[in-house]
Every structure is written in structure tokens, then in C-alpha cells.
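An overview of the molecular structure
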Amino acid sequence: MSGVGVNPAQAQIVDPAVWAQESADLAKQFAFAPPVSMGKNPPLLTRDYETDAKNVARARAGLAGARLANLIETALK
């Protein structure tokens, strides 16, 4: 995951409610965006959709790691 860039300002956010809202917003923007719908037929997911989803997941995992490291560092001071 060394290729995942983490925004230092975002890594300093320690409020889990903010983290949850960020994730919900990204889910609406990427995970539940077309071609995903609430219809009865299963969606046909495109390669672009898959690529975007992987990129968002990698970025969120990197950010989560940075936030966890900051919390641990603060707790051990």
C-alpha cells in the first residue's frame, strides 16, 4: 500500500462520527452510483466501476491506518 497517498490534514481527524460520514458520502458517490440501482435486476458492473471502488477502498484503508497510528501515538504520549 505504499502507493496510497494520505492527506495529512485528514489523518489528524479523530472524531469517529466524521469518519463514518466521510465513508457514507463516498459510498453514495462511488459504491451506490450507477450502474448500481435499487431495481429488481442485478446491475452489470463495469471495469471502471470496479477500478474506482478499489481505488476508494485503498485510499480509505490508508487513511484508516494513518488515523489509527495517530491515535496510538497520542495515547502513548
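A quick note: this is a predicted structure, and the numbers were derived from the prediction, not measured. (Residues numbered from 1 in each chain as written. Predicted model: local features only at pLDDT ≥ 70, side-chain atom pairs only at ≥ 80, totals over all residues. Heavy atoms only, no water.)

1. Some words on the overall build of the protein
The helix and strand tally for the protein stands at three helices and zero strands. In the protein, the succession of helices and strands from N to C terminus is α-α-α. Dimensions of the protein, computed from the C-alpha atoms along their principal axes, are close to 55 × 25 × 15 Å. In the protein, which comprises 77 residues, the share counted as buried stands at 14%. Sequence-distant contacts, at least 24 apart, represent 63% of the contacts inside the protein between residues at least 6 apart. Positive and negative charge centroids in the protein, built from 8 and 7 side chains respectively, lie 5 Å apart. (Helix = DSSP H or I, 4+ residues; strand = E, 2+ residues; numbered from the N terminus. Buried < 20%, exposed > 50% of the residue type's maximum accessible area, 1.4 Å probe, protein only. Contact = heavy atoms within 4.5 Å. Lys, Arg positive; Asp, Glu negative; His and termini not counted. Charge placed at Lys NZ, Arg CZ, Asp CG, Glu CD.)

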